[in-house]
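A structural walkthrough
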Amino acid sequence: MNAKPSKLPKFFQDCVVAPEEGLRKAVRSNTQILTGFATSEPVTFFTHVWDFMRKEKIHDVRIRSALVLTPYKLFLGSALKSKGLLPGVADGLSLSLLASWARAINAATRKVESLESLIRHYERLKRRNITFTSGFMSPVLNAVIPDTPVTRVMHPDYIGRNTSRLGLCDMQFLHFVDAADAMGFDPDGNVRGDTFVAVMTPPDADGLMSHGPSAACNGEILEHILDHRDADVLLYVNPNYPFTRGLPDAPNTTHIDRFKALAEAGRLHVVMDDGPVPAIPASRFDKPQRSELTIAEHVVNHIESTGERTRGRALQVGFGGTGVLAVRKLKESSWSGRCYTEMLEPFMLDMFESGKIAGSHIVERDGRRTLLDGKIVCTFALGTQGSDFYQRIDNNPAILLAPSSRVVIPEAFFYGMGINNALAIDFNGHVNTSARDKNHYSGVGGGAAIVRGLARGGISYLCMKSTHTTPEGELRSSIFPFMPKGTPVCYTGPDMCGGREGARSYLVTEHGIAELSGKSQAELIRALVSVADPRFQTFLKRAAWREYRVRV
């Protein structure tokens, strides 16, 4: 989107290759590949890499990524194109902003032909030893193979598993703040990959190239490689990406001359690209589930009714549909304040442009907090397909994208207000945001650091649908006496029930709001049962008495 790109220097022009040649440089047998995260995922690379692997008989490749936003053939084969697949007929797994894709992928596991196609693709990946490491899974990797008459006979070893339990996707346990180090480098500081695949804007008139809608960990990985020249870089230069800036000591830009030494070492390969910017489906918020709307309404009504506590705070919203719906409803409310968030989405930008959000802040490296009036700080931005969101942040000096290592730190959320999402909670206050039973579903992301930050004088809303459906169609409560065996715990009881300096923590379901802060276990159990689905309240009350002699 750069209006005045500068001419590419000769050393850079000499590194320009055709798209297939770029794949040939990066994708070789017995290699490990790092890619950009979320809205910096290399769309053109992922679109063509599986066909290239098959054509060239590539094997033994590990791809390290996180939050892949688009259902590429590399991850799903042709499962979504199989005859008879009707997107939207799967269960209500719409916590994710990628709900329409999640439903389509889950639907594929319920159609015989689609399911066979998906399993055949998984088997091809296994034969070639093409595997993934993910710090935050998405629907392209988390579909669970259901227990059906067909799978019992043909694929019994696949039943109840997704890629994280099939030897295809290796979950990388990390907090978002640590993503660059955990995903990008080993403990000795060596880069974890033979090639880093990234997307940047063309250089502007000053020679600066931007990472576009995501800072996350891209800049830190790239700068390391530029300094040490210890990996190849396959760089897609895309004029469709918005040009964004960062902080003075953590810019979201790199001068094109920084690539010269890497080019001279023969380790820079450039593809001039015109692919789309990653975005969520345009219809994501057109038909939200009733439960999602109700949860969002509960959050906003509570924010308004406690305005003496909530107004003026810095608002944060996590990666999840329910939280974003709450922000959309806040646009119409009387609330006003500030913003400090890991993810910037269209409704938050609307509130900023309308004046309801006055600015943001940043925590300096020495620990001081600096207020930034008229600015928004985030670590990535996510728009909807076909909207003008990316045009609005392009070359916008008010939008600052900084690395997750600078943004998603607990102290930055002190005294703030967060709206985040959960999958399950139990009588110990343990919260699961990242898995369904033993199958990894997403990741911890920035949630744990944010919740710990809000525990100092902040307000935390944890949004959760009171029920969910298993792959076999069984309806279950999302409130458990104890987490199902094998379920990862993302936040603990002290995170939910502790806090200081007047911090408040709430669980919000479609059945109401339960305050958790300051609660003993007995009080916590009663609070949880009060917002459980009525169909499961008797079961939970009996469990409360059986396990802890708590009367509800």
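The structure this text deals with has already been given above.
The text that follows walks through the structure, step by step, so that each part is easy to find. From a predicted model like this one, the values you see are computed outputs, not experimental measurements.

Our next topic: the packing of helix H2 (residues 19–26) against helix H3 (residues 43–56). Any two packed helices are characterised by how steeply their axes cross, that is the angle between the axes, and by the distance between the axes. Running from N to C, H2 and H3 cross one another at 70°; their axes reach a closest spacing of 10 Å. One element, H2, and the other, H3, form an angle in the roughly perpendicular class. As H2 packs across H3, the resulting crossing turns out to be right-handed. On H3, the residues that touch Glu20, Leu23 and Arg24 of H2 are Phe45, His48, Val49, Phe52, Lys55 and Glu56. The class makeup of the residues in the contact of H2 with H3 is four nonpolar, one polar and four charged.

Mapped onto the secondary structure, threonine 163 falls in the loop between helix H8 (149–154) and strand E4 (169–171). In this structure threonine 163 touches Tyr122, Met137, Leu141, Leu168 and Cys169, once residues within four positions along its chain are discounted.

Right, let's talk about unusual backbone geometry for a bit. Here the phi dihedral of arginine 229 falls at roughly 50°; this positive angle occurs in a residue that is not glycine. In this fold, arginine 229 is placed in the loop between helix H10 (218–228) and strand E7 (232–237). In this structure arginine 229 comes out as partly exposed when scored by relative accessible area, which is 37%. The phi angle at arginine 549 is positive, at roughly 55°, despite the residue not being glycine.

A word on the sheet that holds E4. Across the sheet, which stays open at both edges, the seven strands sit in the order E4-E3-E2-E1-E5-E7-E9 with parallel pairing between neighbours. Looking at the sheet topology across the chains shown, the edges are occupied by E4 and strand E9 (268–272). Each neighbouring strand pair of the sheet contributes to a mean axis angle of 20°, computed without reference to strand direction. Where strand E3 (residues 130–134) meets E4, three bridges bridge the pair, whose relative direction is parallel.

To continue, consider the packing of aromatic side chains. Applying the stated criterion to the full structure yields 15 aromatic pairs. Measuring from ring centre to ring centre gives 5.1 Å for tyrosine 340 and phenylalanine 413, while their planes differ by 75°; the resulting arrangement is edge-to-face. Of the two residues, tyrosine 340 sits in the loop between strand E11 (338–339) and strand E12 (343–344) while phenylalanine 413 sits in the loop between helix H17 (404–407) and strand E18 (417–421), which places them 73 residues apart along the sequence. In terms of burial, tyrosine 340 and phenylalanine 413 fall into one category: buried. Through pairs of rings, three or more aromatic residues link up here, namely Phe45, Phe46, Tyr72, Phe75 and Phe132.

Basis of the calculations
Residues numbered from 1 in each chain as written. Predicted model: local features only at pLDDT ≥ 70, side-chain atom pairs only at ≥ 80, totals over all residues. Heavy atoms only, no water. Axes fitted to C-alpha atoms, helices over the stretch in contact; angles between N-to-C directions. Helix = DSSP H or I, 4+ residues; strand = E, 2+ residues; numbered from the N terminus. Parallel < 35°, antiparallel > 145°, perpendicular 65-115°, else oblique. Left-handed = near helix turned anticlockwise from the far one by under 90°. Contact = heavy atoms within 4.5 Å. Nonpolar A, V, L, I, M, F, W, Y, C, P; charged D, E, K, R; others polar. Buried < 20%, exposed > 50% of the residue type's maximum accessible area, 1.4 Å probe, protein only. Pairing = 2+ DSSP bridges. Phe/Tyr/Trp six-rings, centres within 6.5 Å; stacked < 30°, edge-to-face > 60°.

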